[in-house]
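Inside the fold
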Amino acid sequence: MAAGSWMSLGTKKNSPTAGVKTCLGRMVGEQAIAEHTVLELTGTDRPGLLSEISAVLANLRCNVVAAEVWTHNGRAACVVYLTDIETHGPIEDSQKLSTIKEQLCNLLKGNDDKRGVRMEFSIGLTHTHRRLHQIMFADRDYEASESTPQPHLDGVDRLCITIDNCTEKGYSVVNIRCRDRPKLLFDTVCTLTDMQYVVFHACIDSDGPRAIQEYYIRHLDGCTLDTWSEKQRVIKCLEAAIERRVTEGMRLELCTRDRVGLLSDITRIFRESGLSVMRADVATQGENALNVFYVSNDSGGPVNMKTIEDLRKKIGQAILHITGIPKKVEPCTSTAFSSTAFSFGNLIKSRWEHLINS
């Protein structure tokens, strides 16, 4: 098979390890993870929500060390790593934890929120992106509400998922075709796993900017996907998993010296400038804050470049950079640069060519 790769996945015993890599980008053991309190939130998305959440945490004297925020189909989910400003460690005061939960739940409650609000303090080790997929899956973000506008994608951006049964081998075959991007394989495999399906074989390929994935799966009980409703549910969940990490928002990167309340101040300026955060990756390395924001206007549309230039003047042009411009953007005379990233299709192609040539 040219320019492709097969995977055979089976059970494997895990060897004990002394450390686990967290979203903070360093190896930590079970004791070191207790340096932070991990907060998980889900609720209805709205403009300025991240600003309001970070303001509540700042007022309660909590420092945001790291955070990941995703939005999809009108829902928002975030995983936040907190420390107590006084102790510089995890928040151990049960009364303070109760106050945080009460205030954030009240903040996230919407007038017509049928799914409600979920807020938990998690314990244990997990991969942040994997956890976000699990949180949004449990929140049923794959069930789009009638008020949520659905994108109409054509050509290379079109997402197509089909499921057929291979009766001779006893597998259900999931075929996914969409635009290639980093972490696409991670998103689809994690979703199938969380839905209790076992991947026995897979074929991963790419055709220019398009990615092609084919999975041979069975349920944990050994059954295939035999009903139309079960197939439709898997298709919707995979579509949601692929779409969660895709955003048409403008990518802004903030790099500055970290301080308590920084996230609250930055997102407040975003909100006052009429910007809504669609996705965020908040991290610290040493004494520096390295934050990435994907923003739209407050109605979810493209951002005016004049607004971004005014925003950079307020925050600091040496601190806030434009590192990605979506296809649709309101023009303004400005200098900006874009960045590219590796995709799993190109990576597999290069390794495959290396193997057949060696």
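Residues numbered from 1 in each chain as written. Predicted model: local features only at pLDDT ≥ 70, side-chain atom pairs only at ≥ 80, totals over all residues. Heavy atoms only, no water.

A few points about the overall build of the protein chain
A tally of helices and strands in the protein chain yields eight helices and 15 strands. Within the protein chain, the fraction of its 358 residues that count as buried is 45%. Contacts in the protein chain between residues at least 24 apart in sequence constitute 71% of all its contacts with a sequence separation of at least 6. Accessible surface, the protein chain as shown: approximately 19,200 Å² in total, 51% of it carbon and sulfur. (Helix = DSSP H or I, 4+ residues; strand = E, 2+ residues; numbered from the N terminus. Buried < 20%, exposed > 50% of the residue type's maximum accessible area, 1.4 Å probe, protein only. Contact = heavy atoms within 4.5 Å. Areas by Shrake-Rupley, 256 points an atom, 1.4 Å probe, with all protein chains shown as cover.)

What to know about the sheet that holds strand β5 (residues 62-72)
If you walk across this open sheet you meet the eight strands as β7-β4-β6-β5-β13-β14-β12-β15, and the pairing is antiparallel. One side of each edge strand has no neighbouring strand; the edge strands of this open sheet are β7 (118-122) and β15 (320-324). Adjacent strand axes in the sheet meet at a mean angle of 25° when their direction is disregarded. Here strand β13 (residues 275-285) runs beside strand β14 (residues 288-297); their pairing, made up of ten bridges, is antiparallel. Residue pairing across strands places Ala 283 opposite Leu 290, the latter belonging to β14. Sitting on the sheet, helix α3 (residues 128-138) touches β4 (37-44), β5, β6 (75-84) and β7, and the angle it makes with β6 is about 135°. (Pairing = 2+ DSSP bridges. Axes fitted to C-alpha atoms, helices over the stretch in contact; angles between N-to-C directions.)

What about the nonpolar core?
Ranked by internal contacts, the top residues of the largest apolar core, which has 46 residues, are Leu 57, Leu 104, Leu 252, Phe 270, Phe 293 and Val 295. If one sorts the elements of this core by residue count, helix α2 (residues 94-108) sits on top with six residues. With near-sequence residues (within four places) excluded, Phe 293 lies in contact with Leu 50, Met 250, Arg 251, Leu 252, Leu 254, Leu 263, Ile 266, Thr 267, Phe 270, Val 277, Arg 279 and Ala 280. Counting residues in each nonpolar core, the second largest holds 24 residues, with Ile 163, Val 174, Ile 217 and Val 234 among its members. (Core = buried A, V, L, I, M, F, W, Y, C linked by side-chain atoms within 4.5 Å.)

Focus: the pattern of salt bridges
The tally for this structure, following the rule as stated, stands at 17 salt bridges. Among the salt bridges present, the one from Glu 52 reaches Arg 46, with a minimum N-O distance of 2.5 Å. Relative accessible area serves as the criterion here: at 25%, Glu 52 is assigned to the partly exposed category. The partner of Arg 268 in a salt bridge is Glu 272, and the shortest N-O contact between them spans 3.4 Å. Taken together, the residues span about one helical turn, with Arg 268 and Glu 272 both in helix α6 (residues 262-272) at a distance of four residues. Exposure remark for Glu 272: the relative accessible area of 53% places this residue in the exposed category. Counted as one network, the salt bridges with shared partners bring together Glu 40, Arg 118 and Arg 131. (Salt bridge = Lys/Arg side-chain N within 4 Å of Asp/Glu carboxyl O.)

A word on the packing of helix α1 (residues 49-59) against α6
Between α1 and α6, the least distance of the axes is 8 Å, while the angle of their chain directions is 150°. One element, α1, and the other, α6, form an angle in the roughly antiparallel class. Between α1 and α6 lies a crossing whose hand is left-handed. Within the contact between the two elements, α1 uses Leu 50, Ser 51, Ser 54, Ala 55 and Ala 58 and α6 uses Leu 263, Ser 264, Thr 267, Arg 268 and Arg 271. (Parallel < 35°, antiparallel > 145°, perpendicular 65-115°, else oblique. Left-handed = near helix turned anticlockwise from the far one by under 90°.)

Thoughts on helix α7 (residues 305-315)
Note that an α-helix has 3.6 residues per turn; residues three or four places apart therefore point the same way. Turning to α7, its buried residues are Met 305, Ile 308, Glu 309, Leu 311, Arg 312 and Ile 315. Relative to the axis of α7, the buried residues are bounded by an arc of 160° and lie together on one face. The exposed set on the far side of α7, more than 90 degrees from its buried face, consists of Lys 313 and Lys 314. In this structure, the buried residues of α7 make contact with β12 (250-257), α6, β13 and β15. The backbone nitrogen of Lys 306 has a side-chain oxygen 2.7 Å away, supplied by the residue at the start of α7, namely Asn 304. Just downstream of α7 lies Gly 316, where phi reads positive at about 125°. (Arc of directions from axis to C-beta. Polar contact = N/O pair within 3.5 Å; in protein donor to acceptor, adjacent residues only side chain to side chain.)

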